[in-house]
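# Breakdown of the fold
Residue-level listing of the chains:
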Amino acid sequence: MTDDISVPGAPASRPAPFDEPTTPEGPLPPKADQSGPEPRTPTGARSADTPPAVAQQGEYLTSAQGARLRQTDRSLKAGPRGPVLLQDHHLREKITHFDHERIPERAVHARGAAAHGTFTANGAAESVTCAGFLRAGVTTPVFVRFSTVLGSRGSADTVRDTRGFATKFYTEEGVYDLVGNNIPVFFIQDAIKFPDVVHAAKPHPDREIPQAQSAHDTFWDFVSLHTEAQAHTIWNMSDRGIPRSFRMMQGFGVHTFRLINAQGETVLVKFHWRPKIGTHGQLWEEAQLSAGKDPDYHRRDLADAIESGAYPQWDLALQVMPDSPDETFAGIDLLDPTKFVPEELAPLHVVGTMTLDRNPVNYFAETEQVAFHPGHLVPGIDVTNDPLLQGRLFSYIDTQITRLGGPNFAQLPINRPHADVNDMLRDGMHQSAVHGGVAPYHPNSLDGGCPFQAGADVGAFIDVPAVVAESVKERTQSASFEDHFSQVRLFYRSLTPIEQQHISAAYAFELGKCYEEAVKRRQLVALANVDAGLCATVAASLGLDAPAPTLEPADVEPSPALRMVGETWPIDGRTVGIVADDATDVSELATVRDAVHAAGAVPLVIAPHGGMLGEVPVQRTTHTAASIEFDAVVALADDPSAETTRVFEEAFRHGKALGATSAGAGVLDRAHITRDAPGVVVADADAAVDALLRLLGAHRVWERLLAG
Ligand code: HDD
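What counts, and at which threshold
Residues numbered from 1 in each chain as written. Predicted model: local features only at pLDDT ≥ 70, side-chain atom pairs only at ≥ 80, totals over all residues. Heavy atoms only, no water. UniProt positions renumbered as here; feature names shortened; annotations may be inferred. Domains from an automatic or database assignment. Contact = heavy atoms within 4.5 Å. Buried area = accessible area lost by both parts, 1.4 Å probe. Salt bridge = Lys/Arg side-chain N within 4 Å of Asp/Glu carboxyl O. Polar contact = N/O pair within 3.5 Å; in protein donor to acceptor, adjacent residues only side chain to side chain. Nonpolar A, V, L, I, M, F, W, Y, C, P; charged D, E, K, R; others polar. Core = buried A, V, L, I, M, F, W, Y, C linked by side-chain atoms within 4.5 Å. Buried < 20%, exposed > 50% of the residue type's maximum accessible area, 1.4 Å probe, protein only. Helix = DSSP H or I, 4+ residues; strand = E, 2+ residues; numbered from the N terminus. Near = heavy atom within 4 Å. Donors = N, O, S within 2.8 Å, 3.2 Å for Na, K, Ca; no water. Axes fitted to C-alpha atoms, helices over the stretch in contact; angles between N-to-C directions. Parallel < 35°, antiparallel > 145°, perpendicular 65-115°, else oblique. Pairing = 2+ DSSP bridges. Right-handed = clockwise from strand over helix to strand, strands pointing away. pLDDT = per-residue confidence, 0-100.

The name given to the protein chain in an unreviewed UniProt entry is Catalase, with the source organism recorded as Microbacterium horticulturae. Under Catalytic activity (unreviewed entry), UniProt gives the following word-for-word description of the protein chain: "2 H2O2 = O2 + 2 H2O". Database annotation for the protein chain, UniProt heading Cofactor (unreviewed entry): "heme".

In structure tokens form, the structure reads like this:
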């Protein structure tokens, strides 16, 4: 007897169609001219690559059941030309899984990018909240997803839109989600209007255009009729609607929340995220160019910055207001989500800092499957009766059930709390926990009474014994919600002339894209109620008469804190393009790169060809470089290509700092840039780069834009 069982008459096994390597190898390193900037730590040192955590195990390709597969390139057939056999389990498993790879995209905020990081509290919030993660020195892991609202998953990043800013804090007391936007007011006051505003803003239902735009009739039809939307709309028309980067956006919790401290005392607060490197926008032409040249502009920028060690940081700050019975502050109804509280009236108190320092390993598993919910609360943070927030508390869990295929989405790795979970929720689609015990009910004696209920001092959802006024059941709202214009006027009047100019140009563009004259005329009436000058400028551009206001203009006190122009900020992670070629002195090139690195910015070398210039890798070729990628550009070489000339022309028009050495100054001439124009420096390499880095602190050379 032998152990081999041979079947008489069976054919000898066929050789594989081609040989494959049988020794496992790591993934190929990215090519120099395809990769992002070189990885650096915040101090400028090269960072050690940490191997990503991956789910794949072992060296061999297997089926989903772990059976090793000999062949994945040919389906099983009856002979080389024969029909494919239904019994080919590997074929069916592979195709079936592929057929189900996509899940429904988010109804809104479908397009997003995310990163991991930490939040460290400084303890300043301890007097107003008992939330453990806000105690001094406590560091909490976070996952943040930024998004646009209107576009589909594949839409461009730089469209004019609100940006989502959703943060998941994995605290020791359970998950806390702060699901905010980069604009502190919202379109509507009551959640029942959400489907209306979204249907109006999404592409027209007949042709499904335009994608990811508010510049169309249905949007302006709705917001000009439902004028509570005017507050949010003017923020969209400002430079906030076209951020330079996710890293350069403020974030807002929008609603007023109620904090509860250890003594049970309450205050009303607004949450603010303040980017350490300032709040900056693109210019409209720049945003449009970016959408074509690099639709992934913001996604790439976030990932590149983190990879290069320029970790984005935000301070979390609170505006603290007394929890008064009428829930108003300085005449502002705190339950109305279309209103903000000017910082001059309620200053910001910084309570901690967030640092994003790790890119996701897998987009789908993390960024797509993350599920936020404004009802994910921890002890010490509670909601208010804001009718928009109350509706959101229903909507988010409901949407995840469709989007993530069932009620067990909290078990997905990215959504799992870092606190113990013992929830008595059982079964359902995609249940991946193996629950022990026999008594998932309360009260029970069979599982020893477990799990126990937390005492009032450690439980979340502290129900503050707020008085609910005796009232009748009615579909109405508070009269204070009817002021739709005073804060719109306040916002517009607070900005600098160049910011106001951008707003009127944005309205002129958006309304200019509408076909219905009635819609344009109605929106002009709304603008007349905001500011006569704004209305007149937009009307002139549309070729229509400026209408008279229908309301007495409110007397408003400007809030300078709303301006994005006029200060200087750190330049961490700002990009500097360096034009060089084979004739460039490599040591000069290296000096310029190092100076940019040393300032915390990111150098990107542009050359006529990919590969290396001496020891220096080329990141962009003349063919792949685009002005939109650079916050400043310096020419060390006289590259005569039309592409490089265009980079300089556009960068000049967009108010970017420009420099050249005498060897590179021909580039300026070809782009018709005069050497004494504001923000243009011709000097030796050291002095030129030094001047550019200083100019970068102001974000743009505003003087040049105003002159233009
Ligand atoms: Fe919302 C997603 C922010 C009002 C219903 N919302 C969503 C996201 C953000 C916001 C950042 C993306 C989360 C992510 O990255 O996964 N939403 C807001 C803010 C609002 C707001 C700041 C007002 C202050 N939202 C709002 C209302 C409703 C919704 C009034 C419904 C009544 N929002 C949703 C949703 C989404 C969502 C349909 C889509 C995907 C998801 O929830 O998870 O349920």
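The next point concerns the domain arrangement of the protein chain. Its domain assignment divides the protein chain into domain 1 (112–183 + 242–415), domain 2 (485–562) and domain 3 (575–707). Each partner contributes to the interface: domain 1 provides eleven residues, whereas domain 2 provides ten residues. Each partner contributes to the roughly 850 Å² buried at the junction of domain 1 and domain 2, and carbon and sulfur atoms together form 61% of this total. Among the residues domain 1 hides against domain 2, the three largest losses belong to R160, F340 and E344. Together they make up 53% of the total. Joining domain 1 to domain 2, the criterion identifies zero salt bridges. For the interface between domain 1 and domain 2, the tally reads three residue pairs in polar contact (both at pLDDT 80 or more). Here the side of domain 1 that touches domain 2 is built from residues that sort into five nonpolar, two polar and four charged.

Bringing the nonpolar core into the picture now. One finds W220, I234, I503, Y507 and L534 to be the most contacted residues of the largest nonpolar core, which totals 49 residues. Every element with two or more residues in this core is listed here: helix 2 (194–201), helix 3 (217–225), helix 4 (230–237), helix 9 (486–494), helix 10 (497–512), helix 11 (517–530) and helix 12 (532–542). Those residues in contact with Y507 that sit more than four places away from it in its chain are W220, T233, I234, M237, G512, Q523, L527, L534 and V538. F165, F271, L318 and V378 belong to the second largest nonpolar core, which has 37 residues in total.

Of all residues adjacent to the ligand, which total 21 residues, the nearest are R106, R145, R392, Y396 and Q400. Interatomic distance of 2.7 Å between a side-chain N/O atom of R106 and an oxygen atom of the ligand. For the ligand, an oxygen atom lies 2.8 Å from a polar atom in the side chain of Q400. Secondary structure elements with two or more residues in the shell around the ligand: strand 3 (163–171), strand 4 (174–181) and helix 8 (387–403). In terms of residue count, helix 8 provides more of the shell around the ligand than any other element does, six residues in total. Among the residues making up the shell around the ligand, the classes are represented as ten nonpolar, eight polar and three charged.

Another aspect to go through is the UniProt feature "domain: Catalase core" (unreviewed entry) in the protein chain. Feature annotation in UniProt places "domain: Catalase core" (unreviewed entry) on residues 62–450, given in this structure's numbering. When the span residues 62–450 is considered, its composition is 21% helix and 21% strand, and the gap between its end C-alpha atoms is 41 Å.

Moving on, we get to the coordination of the iron atom of the ligand. Of all protein atoms, just one serves as a donor to the iron atom of the ligand, and that atom is Y396 (OH), at 1.8 Å. Relative to the elements of secondary structure, Y396 occurs in helix 8.

Attention now goes to the side chain of S494. Within the secondary structure, S494 is located in helix 9. The class for S494 is buried, based on a relative accessible area of 0%. Each residue touching S494, except ones within four places of it in the same chain, is listed here: P558, S559, L562 and R563.

Another aspect to go through is the packing of helix 3 against helix 4. Contact pair helix 3 / helix 4: the axes reach a minimum separation of 9 Å and the direction vectors enclose 135°. Between helix 3 and helix 4, the angle falls in the class oblique. Only Q230, T233 and M237 of helix 4 make contact with helix 3, whose side of the interface consists of F219, W220, V223 and S224. Residues of the contact of helix 3 with helix 4, tallied by class, amount to four nonpolar, three polar and no charged.

Let us now look at the pairing of strand 18 (residues 632–635). The alternating pattern of strand 18 places A632 and V634 and V633 and A635 on opposite faces, both of which are buried. Sheet topology places strand 13 (residues 575–579) next to strand 18; four bridges connect them, and they run parallel. Looking at strand 18, one finds that G577 is bridged to V633. As paired strands, strand 18 and strand 19 (residues 657–660) are joined by four bridges and run parallel to one another. Looking at the pairing, V633 lines up with L658 of strand 19. In this view, the connection linking strand 18 to its parallel neighbour strand 19 by way of helix 14 (residues 642–653) has right-handed handedness.

All right, on to the confidence of the model for the protein chain then. When the pLDDT values of the protein chain are averaged, the result is 92; 92% of them are 70 or greater. Across residues 13–18 the pLDDT falls below 50, and counting only partners more than four positions away or on other chains, this stretch makes four contacts in the model. Every residue in residues 34–52 is under pLDDT 50, and counting partners more than four places away or in other chains gives 31 contacts. The ipTM for the predicted assembly is 0.99, set against a pTM of 0.93.

What follows deals with the sheet that holds strand 18. Taken in spatial order, the six strands of this open sheet run 17-14-13-18-19-20, and their pairing is parallel. Bordering the open sheet on either side are strand 17 (620–621) and strand 20 (680–682), each of which pairs with just one other strand. Across the sheet, helix 13 (residues 586–598) lies against strand 13, strand 14 (602–607) and strand 18, angled at about 150° from strand 14, the strand it touches most. Of the strands in this sheet, strand 13, strand 18, strand 19 and strand 20 are in contact with helix 14, which crosses strand 18 at around 140°.

Here the focus is the pairing of strand 4. The buried count for strand 4 comes to eight of eight residues, which makes it a mostly enclosed element. With eight bridges connecting them, strand 3 and strand 4 associate as antiparallel partners. Within strand 4, the residue paired with G164 across the bridge is N181. Adjacent in sequence and paired antiparallel, strand 3 and strand 4 are bridged by two residues.

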